[in-house]
Amino acid sequence: MRHLAQVRDTASKRWRSVDYRNLDAEELGSIYESLLELVPKHSAAERTFELVELAGNDRKTTGSYYTPSSLIETLLNSSLDPVIDEAVKRGSVAASAAGRPDESEAVVAELLKLNVCDPACGSGHFLVAAARRIAKKVAAVREGNPEPTVDAVRGAMHEVVAHCIYGVDLNPMAVELAKVSLWLEALEPGKPLNFLDAHVKHGNALIGATPKLLRGGIPDEAFKPIEGDDKKYARFLAKTNKEERGGQIGLFDIDDEAVKVDNTVYARQLEQITGITADSLDQVRRQEAAYREWADSDEYVRDKRVADAWCAAFMWRKTPDAPRAVTQEVFRNLSKAKEGYGAPFTTVEEIDALSEQYRFFHWHLEFPDVFASAGGAKADEGTGWSGGFDCVVGNPPWERIKLQEQEFFAQRDQEIAKAPNAAERKKLIKELKENADRSALYQEFEDAKRKAEGESQFLRLGGRYPLTGRGDINTYAVFSELDRTLTGPRGRMGVIVPTGIATDATTQHFFKALVQSASIAALYDFENAAPLFPGVHRSFKFCILSLSGNDLRESEASFAFFLHDPAELDDADKAFTMTPEEITLLNPNTGTCPVFRSRRDAEITLDIYRRVPVLVKEGDPEGNPWGVSFMTMFHMSNDSHLFHTREQLEKDGWSLEGNVFTRGDKRMLPLYEAKMLHHYDHRWATYTESGDVRDLTLEEKQEPNAVAMPRYWVSEESTATGEFDKNGDPIMAPGVQAKLESVGWGRGWLLGWRDICRATDERTAIIGAFPRSAVGNNLPISIMDPELADVGVGLIGSLSSFIFDFCARLKVGGTHLNFFISHQLPVLGPGKISVFLDFIRPRVVELGYASNDIKEFSLDLGDKSESFRWDEERRAVMRAELDALFFHLYGINRDDVDYIMETFPIVKRKDVAEYGTYRTKERILEIYDRMAEAGVSQDTPLVDGENFVSELTPPPGHGPRHAPA
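Residues numbered from 1 in each chain as written. Predicted model: local features only at pLDDT ≥ 70, side-chain atom pairs only at ≥ 80, totals over all residues. Heavy atoms only, no water.

Engineer: Teacher, can you tell me more about the overall build of the protein here?
Structural biologist: Counting its secondary structure elements, the protein contains 39 helices and 28 strands. Computed over C-alpha atoms, the radius of gyration of the protein comes to 33 Å, within 12% of the 30 Å expected from 2.2 N^0.38 for 965 residues, which places it in the range of a compact globule. Considering only C-alpha atoms, the protein reaches an extent of 100 × 75 × 70 Å along its principal axes. In the protein, which comprises 965 residues, the proportion classed as buried is 53%. The long-range share in the protein, meaning contacts at least 24 apart out of those at least 6 apart in sequence, stands at 72%. Entry remark: accessible area of the protein is about 42,800 Å², with carbon and sulfur atoms responsible for 49%. Where the 115 positive side-chain charges of the protein centre and where its 152 negative ones centre are 2 Å apart. (Helix = DSSP H or I, 4+ residues; strand = E, 2+ residues; numbered from the N terminus. Rg over C-alpha atoms; globule rule 2.2 N^0.38 Å. Buried < 20%, exposed > 50% of the residue type's maximum accessible area, 1.4 Å probe, protein only. Contact = heavy atoms within 4.5 Å. Areas by Shrake-Rupley, 256 points an atom, 1.4 Å probe, with all protein chains shown as cover. Lys, Arg positive; Asp, Glu negative; His and termini not counted. Charge placed at Lys NZ, Arg CZ, Asp CG, Glu CD.)

Encoded structure:
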């Protein structure tokens, strides 16, 4: 009892009393979330009990974080406030139409009709905050005072909690805490606690049927096998289901009477129960009894079981000894049954068991007063219901739909949970199976794995989440799509989710749909540096995403990025607006969102995209002028069996010449990795014999025969795998030659893009030419139209420029320069570039041809002489000349060039450290000015020695070369 009444103050190191009188919803929520990382530890021998943090059971693995109030208030500003304002307008219009001079009663009535939901409500922090905001408005209208009295707000709060607030959570403790939080907030002297069971519920908000899905019957995809299923039997069930759908009952999907989805009666009955004002304890008890009677009625139980059966089909044990599975005919019989179950009792038992295990949650049955499922013209095409919540808010879990082994064993087996790596953990798990005394724990693990796979299968194949149920599914993404479908046509939605919702490839379809429907009201991106979420890494990025309902269109959306605190939104330079058309202009293929640090970044970038096309515009016959495609040649993990080390090759009699191994007429080519390459430098880094990586020294770069050494080598020719096809012919593993032939590239050089990068690195988009070789997946290569290879020198110059890098930095939200990002970066077409080839070619050739191993590159560009000497000063000048030119070609004015160069702080810091000034920027600006005087533009080329004279002597492309070998 002492520990319940007192708490140890860590600052003063004294005990102090717990202030239960002023305990608020925020404190309850904070306690609940922090307890998620602790597990009870009891020792009977030592007579002790404590809460301890175990490996794998920290808050990060639960995906749950307590949300700071500042974030919630900012979210409600853009999601709930517009809904409240609209309710006030409706009330005012209604009062005016009725001829009532006092509109307060009509306005209050409209406010109390609002409904707000958090589908992953946790301890109710968002719900309490939303209720406070509505209650304050109700009280303010009643008193005619924008700052109403405490008593008026308390009275309004009691009504708002009873009528306006809805919540769901998978954790039963969270549901009870949410109710306690709402009761504490709505406590009014002399009145009983509100009846909340009809509005705050326990269930899995993500897994449930909709009217549209029910009308469509059981999909064949439901029978795809998961962990523990018999694949052959699963195929039999899928075939059976398909046959049943193809018979007479194939009309099922267009026969509304085949399955009852009309919840009109349920809605009317529920409104009669929850709509009354319960001012006494007896009235609350009668409400509770009536609700239980309603939920236990034969009709409701049957309709819920039919919906449960639809979901259960995905998780059913597909083995011959399992109960009769829910195929189309069973489903139809269940829905048609007037008496009894309509299916074998064992089947019904299994449906109920799976419903309890997965906590299926069917929104149109749980909240029939919110979602009308009778269909009609106003029904949503995706769900088949009409209606929805006026406001959906929350901070859903951020976790993958995949069983995390470390988390599972944290409370069950510390040795497994603390295993040093995944391989060791799997070995220990396997040993469980073979240990008779511990096989029960192994079975528990297998059951949990099956449950996770069942959930994943539903999300991917169930048809409920067509936009986010793909790739490596994360709960925040599917919750975002769910919330969107729960929002009424004129409602609003506001969620706190990782910024990947707007920038990642796996969520691009969802975000593009939002852009195309003009649904985005605001997106405020935060970097967790403060940190706002103490349990999350400080570099993690999350956002407040605010959306409008389907019947509303936002002419422009408010954006802000790299915020550290909501207060920064008051900075006029931080926030800016973009229209849906502008977002589409910037990312025409995916509709994803660029990441701008300031309004100026956005303005500069939009201007660039209005002048310069993207590298590849999908769906446009003229949208790929360079004929570019991307290729990953060898995967560092999956293809590792094809890799050979230096030790292995030398032992097998191979000889090393440069960085290529030969034996007879066979060759093993170096496996290039991203870290070996930089702009105009394919010898940026090399592997040592010990396996470490180091930069090549200046002296080595000045040596024409010095090469970058790889970790591994790969055969140039295809090699036998030791396996044979059905005709008895050997199956070959393709070598480098076959890989390149398959994409039609016969040149002696490659163009690689570093995959791993960050917007905060010294340079982000690092692209360069290197000798024909094997290539790892962290260095995807570009294949262009072979006919344009000679013009490709202009493409290399463009891709290596600061202006191109500036645009790339605004697109890279994580640590990868993905293909979908690369395709949507602005690149001048061959026609524009060709005008400047005489200026670009000599500079790119001298910069790129500094060693003998890349002679094929220079030959393709018309240079047949010896390689150029590596001269740091000449290289710096030529790169500055190219950068200045591309700033002009991209239409960047001088002030913006100055600004853009300041967005490369590491380049600046290194310059200042070496030269005492930002030499790179100053040199580019000086050259930019001289080019401006020459009148350079996209149509006016620079001609060396005529309207432009380089400071280099001899001029670019004529620099000192190495002596002939």
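Engineer: What is the right way to look at the nonpolar core in this model?
Structural biologist: One broad trend across soluble globular proteins is that nonpolar side chains are buried collectively. Of all hydrophobic cores here, the largest spans 188 residues; its most connected members are Phe559 and Phe887. The contacts of Phe559, once residues within four sequence positions are left out, are Ile520, Leu523, Tyr524, Lys574, Ala575, Phe576, Met578, Ile583 and Cys593. Core analysis: the next-biggest nonpolar cluster, separate from the first, contains 66 residues, Ala198, Ala222, Phe314 and Phe361 among them. (Core = buried A, V, L, I, M, F, W, Y, C linked by side-chain atoms within 4.5 Å.)

Engineer: Would you explain a negative patch on the surface in this entry?
Structural biologist: A contiguous patch of negative charge on the surface is contributed by Asp570, Asp571, Asp573 and Glu603. The topology assignment puts Asp571 in the loop between strand E14 (557-563) and strand E15 (576-578). A residue is classified by how much of its surface remains accessible, and Asp571, at 38% relative accessible area, is partly exposed. (Patch = residues over 30% accessible without salt bridge, like charges linked within 9 Å, V, L, I, M, F, W, Y side chains within 5 Å. Salt bridge = Lys/Arg side-chain N within 4 Å of Asp/Glu carboxyl O.)

Engineer: Quick question: what am I supposed to make of the state of the cysteines here?
Structural biologist: Put plainly, two cysteines are in a disulfide when a covalent bond ties their sulfur atoms together. Taken as a whole and assessed by the stated rule, the structure comprises zero disulfides. With no disulfide partner, Cys117 has as its closest neighbouring cysteine sulfur the one in Cys121, 7.9 Å distant. The buried category is assigned to Cys117, whose relative accessible area is 0%. Sulfur of Cys311: no disulfide; nearest cysteine sulfur belongs to Cys117 and is 18 Å away. (Disulfide = S-S within 2.5 Å.)

Engineer: I would appreciate a short explanation of the sheet that holds strand E28 (residues 781-783) in the present structure.
Structural biologist: Where strands meet in a sheet, backbone hydrogen bonds hold them as pairs that are either parallel or antiparallel. With antiparallel pairing, four strands are arranged side by side in an open sheet as E16-E28-E25-E26. In this open sheet, the two edge strands, each paired with only one partner strand, are strand E16 (629-631) and strand E26 (767-771). Taking each pair of neighbouring strands and ignoring which way they run, the sheet shows an average axis angle of 40 degrees. Bridge count between E16 and E28: three bridges; the pairing is antiparallel. Within E28, the position partnered with Phe630 by the bridge is Ser782. Helix H30 (residues 792-799) rests against strand E25 (749-753) and E26 of the sheet, and its axis sits at about 25 degrees to E25. (Pairing = 2+ DSSP bridges. Axes fitted to C-alpha atoms, helices over the stretch in contact; angles between N-to-C directions.)

Engineer: Looking at this structure, I do not really get unusual backbone geometry. What am I missing?
Structural biologist: One can expect most non-glycine residues to show negative phi and most peptide bonds to be in trans. Along the chain, Thr953 connects to Pro954 via a cis peptide bond; the corresponding omega equals -5 degrees. Tracing the backbone through its elements, the reader meets Pro954 in the segment after helix H39 (919-933). Phi angles above zero are rare outside glycine, and Phe562 is one such case at about 60 degrees. Checked against the element boundaries, Phe562 lands in strand E14. The phi torsion at Tyr680 lies on the positive side, around 50 degrees, for a residue other than glycine.

Engineer: What is the right way to read the sheet that holds E15 from this model?
Structural biologist: Overall, mixed pairing links the nine strands, which are arranged E7-E6-E5-E10-E11-E13-E12-E14-E15 in an open sheet. The strands lining the two open edges of the sheet, one partner per strand, are strand E7 (200-202) and E15. Pairs of neighbouring strands in the sheet enclose a mean axial angle of 15 degrees, with direction left out of account. Against the sheet, helix H22 (residues 475-486) contacts strand E10 (389-394), strand E11 (487-498) and strand E13 (541-548), and its axis sits at roughly 165 degrees relative to E11.

Engineer: Explain the packing of aromatic side chains to me, please; I cannot follow it from the model alone.
Structural biologist: The geometry of two aromatic rings is summed up by the distance between their centres and the angle between their planes. Summed over the entire model, instances satisfying the criterion amount to 42 aromatic pairs. Members of the aromatic cluster, each reached through a chain of ring pairs, are Tyr166, Phe361, Trp363, Phe367, Phe371, Trp385 and Phe389. The ring of Phe408 carries the charged tip of Arg412 above its face, separated from the ring centre by 3.9 Å. Its guanidinium or amino end placed over the ring of Phe802, Arg763 lies 4.0 Å from that ring's centre, counting from NZ or CZ. (Phe/Tyr/Trp six-rings, centres within 6.5 Å; stacked < 30°, edge-to-face > 60°. Lys NZ or Arg CZ within 6 Å of the ring centre and 35° of its normal.)

Engineer: Would you mind going over the pattern of salt bridges with me for this structure?
Structural biologist: If the charged atoms of two oppositely charged side chains come close together, the side chains can form a pair. A full pass over the atoms with the stated rule returns 56 salt bridges. Close ionic contact of Asp896 with Arg600 constitutes a salt bridge, the shortest N to O distance being 2.9 Å. Pair noted here: Asp896 is in helix H37 (residues 894-902) and Arg600 is in helix H26 (residues 599-611), with a separation of 296 residues, a long-range link. We classify Asp896 as buried; its relative accessible area is 15%. For the salt bridge of Arg758 with Asp761, the shortest nitrogen-to-oxygen distance reads 3.8 Å. A residue is classified by how much of its surface remains accessible, and Arg758, at 39% relative accessible area, is partly exposed. Salt bridges sharing partners connect three or more residues here, namely Glu176, Lys179, Asp197 and Arg292.

Engineer: Looking at this structure, I do not really get helix H14 (residues 298-315). What am I missing?
Structural biologist: Owing to its 3.6 residues per turn, the α-helix brings residues three or four apart onto one side. Between the first and last C-alpha of H14 there are 25 Å, a value that for 18 residues agrees with the 26 Å anticipated at 1.5 Å per step. Taken as a whole, H14 carries its principal kink of about 25 degrees at Ala309. Along H14, 13 of the 18 residues are buried, which leaves the element largely enclosed by surrounding structure. (Expected span 1.5 Å × (residues − 1). Bend = angle between axes of the 7 residues up to and from the residue.)

Engineer: For this particular structure, what's the right way to read the environment of Ala129?
Structural biologist: As for its placement among the helices and strands, Ala129 is situated in helix H7 (residues 125-143). For the pair Ala129 and Leu76, spaced 53 residues apart in sequence, the C-alpha separation works out to 8.4 Å. In this view, Ala129 contacts Ile72, Glu73 and Leu76; residues no more than four positions away in its chain are not counted.

Engineer: Before we go on, may I ask you to explain the pairing of E11 in this structure?
Structural biologist: In summary, the side chains of a regular strand alternate between the two faces of the sheet. Burial analysis of E11 places ten of its twelve residues in the buried class, which makes it a mostly covered element. Sheet analysis places E11 next to E13, joined by seven bridges and oriented antiparallel. Note that in E13 the partner of Val497 across the bridge is Cys543.

Engineer: Just to check I follow, could you spell out empty space enclosed by the protein for this structure?
Structural biologist: Empty pockets left among the atoms are what a rolling probe the size of a water molecule brings to light. According to the stated counting rule, one finds six cavities of 30 Å³ or more in the structure shown. Empty space within the largest cavity amounts to approximately 100 Å³. In terms of lining, the largest cavity is formed by 14 residues, of which the most central are Lys260, Val261, Asp303, His364 and Leu365. Every element with two or more residues in the lining of the largest cavity is listed here: H14 and helix H17 (363-366). Considering every element that reaches the lining of the largest cavity, the biggest residue donor is H14, with three residues. Taken together, the residues of the lining of the largest cavity sort by class into seven nonpolar, four polar and three charged. In terms of lining residues, the second largest cavity is bounded by Tyr680, Asp681, His682, Ile767, Gly768, Ala769, Ile796, Ser800, Val844, Gly848, Ile854 and Phe857. Looking at the lining of the second largest cavity, the elements that each hand over two or more residues are E26 and helix H34 (837-848). (1 Å grid on protein atoms, 1.4 Å probe; cavity = no way out; pocket = protein on both sides within 12 Å on 5 of 7 lines; lining within 4 Å. Points joined across faces, edges and corners; volume = space filled by probe spheres on them. Nonpolar A, V, L, I, M, F, W, Y, C, P; charged D, E, K, R; others polar.)

Engineer: Mind showing me how you'd approach the layout of surface pockets here?
Structural biologist: In this structure, the second largest pocket occupies an estimated 1,200 Å³ of space. What lines the second largest pocket is a set of 36 residues, and nearest its centre among them are Trp684, Glu762, Glu872, Arg879 and Asp911. At the level of elements, helix H28 (698-701), helix H36 (872-889), helix H38 (905-915) and H39 are the ones that each hand at least two residues to the lining of the second largest pocket. Looking at the lining of the second largest pocket element by element, the count peaks at seven residues for H36. Residue classes in the lining of the second largest pocket are distributed as 14 nonpolar, five polar and 17 charged.

Engineer: What's the story with H37 in this structure? I'm lost.
Structural biologist: When H37 is considered as a whole, its buried residues turn out to be Asp896, Val897, Ile900 and Met901. Buried residues of H37, viewed axially, fall in a sector of 135 degrees; they line one side. In this fold, the buried residues of H37 make contact with H26, helix H31 (802-809), H36 and H39. Between the side-chain oxygen at the start of H37 and the backbone nitrogen of Asp895 there is a gap of 3.2 Å, and the oxygen is on Asn893. (Arc of directions from axis to C-beta. Polar contact = N/O pair within 3.5 Å; in protein donor to acceptor, adjacent residues only side chain to side chain.)

Engineer: Please explain the environment of Phe561 as it appears in this structure.
Structural biologist: Looking at where Phe561 falls in the secondary structure, it is placed in strand E14. Phe561 sits in the buried class, given a relative accessible area of 1%. On a C-alpha basis, the gap between Phe561 and Asp525 in space is 4.4 Å, while along the polypeptide they are 36 residues apart. Excluding residues within four positions of it along the chain, Phe561 makes contact with Leu523, Asp525, Phe576, Cys593, Pro594, Val595, Phe596 and Arg597.

Geometric descriptors of this kind do not, in isolation, establish any biological role.
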